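Report on the structure
Okay, here's what each chain looks like letter by letter:
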Amino acid sequence: MSIEQLTQEALALPNDLRFQLLNDLLASFELEGDDSLEKLWVAEAQRRRNEILSGQVQPIDGDTALAQVRAILG
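Below or above, wherever it landed, is the structure these notes cover. (Residues numbered from 1 in each chain as written. Predicted model: local features only at pLDDT ≥ 70, side-chain atom pairs only at ≥ 80, totals over all residues. Heavy atoms only, no water.)

To continue, consider the overall build of the protein chain. Of the regular secondary structure elements, the protein chain holds 4 helices and 0 strands. Listing each helix as α and each strand as β along the protein chain from the N terminus yields α-α-α-α. Scaling as 2.2 N^0.38, a compact globule of 74 residues should have a C-alpha radius of gyration of about 11 Å, whereas the protein chain reaches 18 Å, well beyond that. Viewed in the frame of its principal axes, the protein chain has a C-alpha envelope of about 55 × 40 × 15 Å. Out of the 74 residues belonging to the protein chain, those deemed buried represent 3%. (Helix = DSSP H or I, 4+ residues; strand = E, 2+ residues; numbered from the N terminus. Rg over C-alpha atoms; globule rule 2.2 N^0.38 Å. Buried < 20%, exposed > 50% of the residue type's maximum accessible area, 1.4 Å probe, protein only.)

We now examine the pattern of salt bridges. Applying the stated criterion across every chain, the model contains 3 salt bridges. A salt bridge links R47 to E44, with the shortest nitrogen-to-oxygen separation between them at 2.5 Å. Of this pair, R47 and E44 both sit in helix 3 (residues 36–54), 3 residues apart, which is roughly one turn of that helix. On the basis of relative accessibility, which here comes to 22%, the residue E44 falls in the partly exposed class. A salt bridge links R47 to E51; the shortest N-O distance between them is 2.6 Å. Residue R47 and its partner E51 are located together in helix 3, separated by 4 residues, close to a single helical turn. The exposure class of R47 is partly exposed, given its relative accessible area of 37%. A single network of salt bridges, built from pairs that share partners, joins E44, R47, R48 and E51. (Salt bridge = Lys/Arg side-chain N within 4 Å of Asp/Glu carboxyl O.)

So, about helix 3. Over its 19 residues, helix 3 extends 27 Å from the first C-alpha to the last, a length consistent with the 27 Å expected when each residue adds 1.5 Å. Positive phi appears at G55, one or two residues downstream of helix 3, with a value of about 85°. (Expected span 1.5 Å × (residues − 1).)

In this section: the environment of L13. As for its placement among the helices and strands, L13 is situated in the loop between helix 1 (3–11) and helix 2 (15–29). Accessibility expressed as a relative area gives 31% for L13, which makes it partly exposed. Excluding residues that lie within four positions of it along the chain, L13 makes contacts with R18 and L21. (Contact = heavy atoms within 4.5 Å.)

Once that is clear, we can look at the environment of R49. Structurally, R49 can be placed in helix 3. R49 sits 10 residues away from P59 along the chain, and the two C-alpha atoms are 10.0 Å apart.

By themselves, these are just geometric observations and shouldn't be taken as functional.
What follows is the structure in structure tokens.
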């Protein structure tokens, strides 16, 4: 089976199964003892928290965020 065929079959899956496949594939890249990606995510989360605490960024609820995205993509 070629990568193109595999990709077409994967894209034909329902969203929930595609998401599960994606998670499984991403997890396969995680090497035991390699926490560099986790460190990057922690740093990003801390940066975002600091922006909110400093008032630089105003958080909005998920429904509002989705409505804004839908309006942009309209």
